[in-house]
Amino acid sequence: MAGVFDRLVGQDVVESTLTAAAIDARGGNISGAMTHSWLFTGPPGSGRSVAALCFAAALQCTDEGTPGCGRCHACTTTMAGTHGDVRRVIPEGLSISTKEMREIVQIASRRPSTGRWQVVLIEDADRLTEAAGNVLLKVVEEPPDRTVFLLCAPSVDPEDISVTLRSRCRHVHLVTPSVPAIAQVLRDRDKLDEKTATWAASISGGHVGRARRLATDEEARARRQRAVGLAAAVARPGAAYAAADELVKSADDEAKQMSAARDERERDELATALGAGGTGKGAAGATRGSAGVLKDLERRQKSRATRTGRDALDRALIDVAGVYRDALAVRFGAARNGSGVALTHPDLSDQIHDLADRVRPEGLLRSVEAVLACREALDLNVKPRFALAAMVATLISAQSA
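Attention here is on the structure that accompanies the text. Owing to the predicted nature of the structure, the values given are computational and were not obtained by experimental measurement. (Residues numbered from 1 in each chain as written. Predicted model: local features only at pLDDT ≥ 70, side-chain atom pairs only at ≥ 80, totals over all residues. Heavy atoms only, no water.)

## A closer look at the packing of aromatic side chains
For the record, the criterion: The aromatic pairing rule takes the rings of Phe, Tyr and Trp, using the six-membered ring of Trp, and pairs them if the centres are within 6.5 Å, calling planes under 30 degrees apart stacked, those over 60 edge-to-face and the rest tilted. Comment: elements are numbered from the N terminus, with helices defined as DSSP H or I runs of at least four residues and strands as E runs of at least two. When accessible area is computed with a 1.4 Å probe and restricted to protein chains, residues below 20% of their type maximum are described as buried, those above 50% as exposed, and intermediate ones as partly exposed.
Tallied over the entire structure, the rule returns two aromatic pairs. Where tryptophan 38 meets phenylalanine 55, the ring centres are 4.8 Å apart and the plane angle is 65 degrees; that geometry is what we call edge-to-face. One end of the pair, tryptophan 38, is in strand β1 (residues 37-41); the other, phenylalanine 55, is in helix α2 (residues 48-60), and 17 residues separate them in sequence. Judged on exposure class, the residue tryptophan 38 and its partner phenylalanine 55 are both buried. Consider the rings of phenylalanine 40 and phenylalanine 55, whose centres lie 6.4 Å apart with planes at 55 degrees: the pair is tilted.

What follows is the structure, encoded as structure tokens:
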């Protein structure tokens, strides 16, 4: 069986850094290459959370050889999410609250029960509220002896992670995997043919997971087609607004589809825990006062669905921005004749060249800025239909800029 770090794609420098730190940590002490707090950054799809999880496995690894063997009980349980001393925090809602972070800090203060370290891995640390970040900062500044914090965020920009928290962490930056590297993974691990693997890798934006979905999921391909179709629809205003509404609806449908089964399972489990269907003497009392618990579950599920829908819509907007970015590159000759800047959507070359011929550079730039502004508006909780309608209005006016 391969080592855990083989899951990383095109991250040789990161693998060397983390392996050296895990070796240094073998004695259970913080010294040299090892530290209590780490920050993993990188563009979407680069594998920052995978790198953090692999590092957690390497820290817990009991094999006498190189840490992160992938064979021992510690490695397999860590990668499966069942290791008792590895806490993986994956935010499901729009943010990570103070309450959640206080619970995490309590866990972090414990000594490891079976492993070498108590590891707390926080994915999407950029979703920490300011108050939650301050709670985490206090324990990061004075961490327990056998606890390691692994934070994941898109970048070290203050918008993603506070300057003070960043200064307490060792920074590990992951790069965007190359198209050949992603295609190789799809061929080797997913047994895809050369043509499909190369196509999916070339349009994935360096995102391994998305490349896999595009190659294997017809609905994922349809969602991408709807997104890039918006740029073509802008030439006909009525069609453009309809296309924007369809993007919002598609994102909502995707969120409902992803959440439905899980929501039902959670409700059933909670009902059972509260004594639903019970006939004993205490059955009535067990369910009394359950309304508050049910309401809290519904709130969390609604927040999770909102986050899922926003993420789906954001992926679509990135595809739209990519079309205008490609047209701008073609307009300036940076992507002509198969050299220079690689296209985000190489399979849409005809559409992109047509857009580059019809719209002036100023209009293309305004279009890119309109899509980015829409993404920011969604982050500020502007209703998606309003945000996309404003974006489409700008895209239409940019056609004649």
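## With respect to the nonpolar core
We apply this condition: Put simply, buried Ala, Val, Leu, Ile, Met, Phe, Trp, Tyr and Cys residues joined by side-chain atoms within 4.5 Å make one nonpolar core. A contact between two residues is defined here by any heavy atoms of the two lying within 4.5 Å.
Tyr324, Leu388 and Met391 are the most contacted members of the largest nonpolar core, which totals 41 residues. Within the residue set of this core, elements represented by two or more residues are α10 (218-233), α11 (237-273), α13 (291-331), α14 (349-358), α15 (361-379) and α16 (384-398). When residues in this core are grouped by element, the largest group, 11 residues, is from α13. Among residues more than four places away in sequence, those in contact with tyrosine 324 are Ala231, Val234, Leu355, Leu364, Ser367, Val368, Leu395 and Gln399. Ala52, Cys54, Ala58 and Leu121 belong to the second largest nonpolar core, which has 35 residues in total.

## Points about empty space enclosed by the protein
Quick note on the threshold: For each structure, a 1 Å grid was placed over the protein atoms alone; sets of points admitting a 1.4 Å probe that cannot get out are labelled cavities, open sets with protein on both sides within 12 Å along at least five of seven lines are labelled pockets, and lining residues have an atom within 4 Å of a point. Grid points are joined across faces, edges and corners, and a volume is the space filled by probe spheres set on the points. Think of it as three bins: nonpolar holds Ala, Val, Leu, Ile, Met, Phe, Trp, Tyr, Cys and Pro, charged holds Asp, Glu, Lys and Arg, and polar takes everything else, Gly as well.
Per the counting criterion, the structure on display carries one cavity of 30 Å³ or more. Looking at the largest cavity, its volume works out to about 210 Å³. Taken together, 17 residues form the lining of the largest cavity, with Arg210, Arg223, Glu254, Ala312 and Arg315 sitting closest to its centre. Counting only elements with at least two residues in the lining of the largest cavity, the list comes to α9 (208-216), α10, α11 and α13. Its residues assigned to classes, the lining of the largest cavity comprises eight nonpolar, one polar and eight charged.

## Observations concerning the pairing of strand β4 (residues 147-153)
Threshold: Strand pairing requires that DSSP identify at least two bridges connecting the strands. By convention, orient the strands away from the viewer: a clockwise path from the first strand over the helix to the second makes the crossover right-handed.
Most of β4 is tucked away: seven of the seven residues are buried. Of the two faces of β4, the one holding Thr147, Phe149, Leu151 and Ala153 and the one holding Val148, Leu150 and Cys152 are both buried throughout. Pairing of strand β3 (residues 118-122) with β4, which is carried by five bridges, proceeds in the parallel orientation. Across the sheet, the residue bridging to valine 120 is phenylalanine 149, located in β4. As a crossover connection, the stretch from β3 through helix α5 (residues 130-141) into β4 is right-handed.

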